[in-house]
Every structure is written in C-alpha cells, then in structure tokens.
Amino acid sequence: MTWAGLVTKNLLRRKARTALTVAGVAIGVGLIVALLSITNGVKRTAAELIHVGRSDFGLFQSGAADLTRSLLPEELAGNVRRSEGVSQVARVFLLVGAVEQSDSSLLFGYVPGEFPERRLVVVSGRRPTGDEALVGDGAARIYHLRVGGPVRAGKRSFRVAGIFHSGNAFVDRGVVLPLRVVQSIAQRPHEVTTLAVIAKVGATPKAVAKRLESRFPGVTAVVEPGQAVKVDTSSRLIVTAGWIFSLLALIIGGIGVTNTMAMAVFERVREIGIMRAVGWSSRRIAALIVCESLGIGLLALALGLLGGWVAAVLFTEHSSLSSLTEADFTGSVFAWGLAFALGVALLGALYPAWRAVRLTPIDALRRE
C-alpha cells in the first residue's frame, strides 16, 4: 500500500467523524475567504470614490462613518482653492439613494462646469440643462434607461439628458445630477460630502494634502487607496471584524482537528504498537498523523474556497451592498484560505502526534 493510500484508508475509517471535521474547518476557510474578499471590495470602492473626477485626492470629514456620510461646508471650497499648491477644486455630494428599483445606488451631485462634470464622456444624448440627469452607461444597462426617458432618483423623476462613461465603475453605475438637486434630496443644503482637489503642476499631491489637513482641522485628505480606511470607520470595522472572526475560526478549527486526530490515535493504539514493533520510527509515526491531518485540511480548503466564493457573491449581489461594492477575489484571499486550512491542520496534529510517538511498543500492544 502506498503512503497516500494508507492516509486515505485511515481517514475513511470513521467517515462521519472525518466529514464533520472537514465541514467545520471548511466553514472557517469559507468565512475567511468571504470576509477578506468583501473587505477587498469595500477598499476598492473607497479607492474609486476618493478619486472622483480623476482628482489627485479628496477632502473628507474626519471620523465619518463612511465616505458618503462625510459632511463639509460648501464654502470651504473657496478657501481650499486659494491654498498653496491647489490648481482646481470641485464640490461633490456622494449620496446612497434610490434609483429606479434599487434602494442602494449612488447619486453624484456635481456642479456643472467643474472638472468632475467636464470629464464625463457623453456617449449618447447631450449634457443636461437645468434639472436633468446624466446616467452612467452601467446604470443604463442595469435599469434599461434611455436618452429622453425618465429616471427615478430619490422621490423625484428626472429626464435623462445623456448617457456617459467615466472609467470609474461605481460612477458609471450611478446617476449624476446638479449639486443643488442632490443636496435637496439629501436635505443637506450648502453641504458636500467631499472636495475633489487637483494639485498644481510641479506640486506633490501628498505635500498639498498635508498642508490642507494642517490648515483645516477636522478635514482628512485621502491621497492613496490605503488611506481610505482612516476616514471610513465602516471599512475599519469590517477589517477588524474579519481578523477577529478569522482568529476565532482558527482556534475552533484547531480544536476540532485535534479532537478528531486524538480519537484516531486512541482507537489505533495497538496498530501503532505493531508499527513500532516492526521498525517504524517515531518520526514516521508522527508524519503519518500529520499527513492525515493535512488531508483533512486540504479537503476543507477545497470546500471552503467554493463556499466562501458563493457566500461573498450572494451577499454582495443580494444585499444593500450590491450597487456599492463587489467581492474582490485576489491571490492573497486564496493564500489566506490556504494558510488557514494548513495552519489548522498542523495545529490540530501537534498533540495527537506527540501522544502517538510517546507510545512504546510494549505498552501499546498491552492495551485492548
């Protein structure tokens, strides 16, 4: 019998116990994969939103629950525009609101003529005049909207003046309206969620951002995607929760594997004694226990990756996050799933392997 065959045979001796252990570890793997992929998606959404209009960086209210909950006075734009190193400033209102049948779409309030609005490429129709809407090409496909037809945003209906493409996936799935209209929908007159800033040629965006933070206390400048979590407390909570749940899953999974392998060693005491009697070394006995544990981990990895992928996709597509974020499955997500499965397997094999190698052939063969 081959080594792989021996490992497989031992795992199949107690099919139900092995299956339950695999399921328990797979749940942990799936939880990690789902949480990390959703966390990556939230970070990517934040990264897209801090550069609305292809700005160098965005100014937000410090400590806001998320980027769409930031509130800044509209008149702050004038002071920022006059600051050293600043070329252009645009007022933007990001609002999560109802668009057609969706309750969690993005509405963008732009000021006509400012650079975020100018950089929208109108692929069909024209730029709006008055209280008309520009619809992203993604939103047009999702909600089956057309130029000249109506679009319902908030509790009002607007005429679609044109369909645009910006290159920003989240903007392209949203609706652009005049700033004062979005302020009215949000019931926040004279306030914006962000100020989009372009630095002057030759000025470093990071240096300009740092000066603005010093000059205007309570304002946070987000230049790089990784900095988005310093203003978005929701993202921080998701990241923290992901690590906490991962640690709990690691502990629980390790206990489950330890219990299964310890029971397997207890039931095979005489068999282990015979192996020792015919010349098996302690190292080889330990390797067999570890390989059986790794077999459980690899089976759990396969099921967990599939389950985590399905759970993350279903959660983001059928929840209020559907229009705001997508699960982002990167190589690091699957690497963490692999590390978790193998880590649980090795952790769970430590005590059973130690117990097995301490058995002497005579003591083992004496036991019934």
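Owing to the predicted nature of the structure, the values given are computational and were not obtained by experimental measurement. (Residues numbered from 1 in each chain as written. Predicted model: local features only at pLDDT ≥ 70, side-chain atom pairs only at ≥ 80, totals over all residues. Heavy atoms only, no water.)

Description of the environment of S55
Link 1 in the chain: Mapped onto the elements of the fold, S55 is located in the loop between helix 2 (15–49) and strand 1 (57–61).
Link 2 in the chain: Between the C-alpha atoms of S55 and P205, which are 150 residues apart in sequence, the distance is 10.0 Å.
Link 3 in the chain: Once residues within four sequence positions are removed from consideration, S55 is found in contact with I50, F115, R119, A196, V197 and I198.
Link 4 in the chain: Within the structure, S55 has its side chain in polar contact with the backbone oxygen of F57 (distance 3.4 Å). (Helix = DSSP H or I, 4+ residues; strand = E, 2+ residues; numbered from the N terminus. Contact = heavy atoms within 4.5 Å. Polar contact = N/O pair within 3.5 Å; in protein donor to acceptor, adjacent residues only side chain to side chain.)

A few points about the side chain of E292
Link 1 in the chain: For E292, the location among the structural elements is in helix 11 (residues 282–317).
Link 2 in the chain: When its relative accessible area of 1% is taken as the criterion, E292 is described as buried.
Link 3 in the chain: Of the polar contacts made by the side chain of E292, one reaches the side chain of N10; its length is 2.6 Å.
Link 4 in the chain: Excluding residues that lie within four positions of it along the chain, E292 makes contacts with V7, N10, L11, M261 and R268. (Buried < 20%, exposed > 50% of the residue type's maximum accessible area, 1.4 Å probe, protein only.)

Concerning helix 1 (residues 3–11)
Link 1 in the chain: Residues L6, V7, N10 and L11 constitute the buried set of helix 1. Along the axis of helix 1, the buried positions cluster into a sector of 130°, meaning they face one direction only. (Arc of directions from axis to C-beta.)

Focus: the pairing of strand 7 (residues 150–153)
Link 1 in the chain: Alternating residues of strand 7 divide into V151 and A153, all buried, and P150 and R152, none buried.
Link 2 in the chain: Bridge analysis of strand 7 against strand 8 (residues 156–165) gives four bridges, and the strand direction is antiparallel. Looking across to strand 8, one finds that A153 is bridged to R156.
Link 3 in the chain: Counted along the chain from strand 7 to the antiparallel partner strand 8, the turn is two residues long, and its residue G154 has a positive phi close to 65°. (Pairing = 2+ DSSP bridges.)

As for the environment of E114
Link 1 in the chain: Note on placement: E114 falls in the loop between strand 4 (102–110) and helix 4 (115–118).
Link 2 in the chain: With relative accessibility at 11%, the residue E114 sits in the buried group.
Link 3 in the chain: Sequence-distant contacts of E114, that is, excluding residues within four places in its chain, are made with R81, V89, A90 and R91.

Brief notes about the pairing of strand 9 (residues 175–178)
Link 1 in the chain: When strand 4 meets strand 9, the two strands line up parallel, connected through four bridges. Along strand 9, the bridge assignment pairs F108 with V176.
Link 2 in the chain: Judged from the two bridges that link them, strand 6 (residues 133–136) and strand 9 form a sheet pairing that is antiparallel. The residue of strand 9 that forms the bridge with V135 is V175.

Re the nonpolar core
The nonpolar side chains of a soluble globular protein tend to be buried with one another.
Link 1 in the chain: Grouped together as the largest cluster of nonpolar side chains are 40 residues, with contacts concentrated most on F57, L59, V80, V151 and L195.
Link 2 in the chain: At five residues, strand 3 (residues 86–99) tops the list of elements feeding residues into this core.
Link 3 in the chain: In contact with F57, not counting residues within four places along its chain, are I50, H51, L195, A196, V197, P205, V208, A209, L212, A221, V222 and V223.
Link 4 in the chain: Core analysis: the second largest hydrophobic core is formed by 32 residues, M261, I285, L301 and F340 among them. (Core = buried A, V, L, I, M, F, W, Y, C linked by side-chain atoms within 4.5 Å.)

Some details on the pattern of salt bridges
Link 1 in the chain: In total, this model carries nine salt bridges according to the counting rule given.
Link 2 in the chain: Note that R13 and E271 form a salt bridge whose closest N and O atoms lie 2.6 Å from each other. You can see R13 sitting in the loop between helix 1 and helix 2 and its partner E271 sitting in helix 10 (residues 269–277), a full 258 residues away along the chain.
Link 3 in the chain: Note that E132 is salt-bridged to R126, the shortest N-O span being 2.9 Å.
Link 4 in the chain: Each of the salt bridges in this network shares a partner with another, and the network as a whole consists of E74, R91 and E114. (Salt bridge = Lys/Arg side-chain N within 4 Å of Asp/Glu carboxyl O.)

Everything listed is a geometric property; what it means functionally is a separate question.
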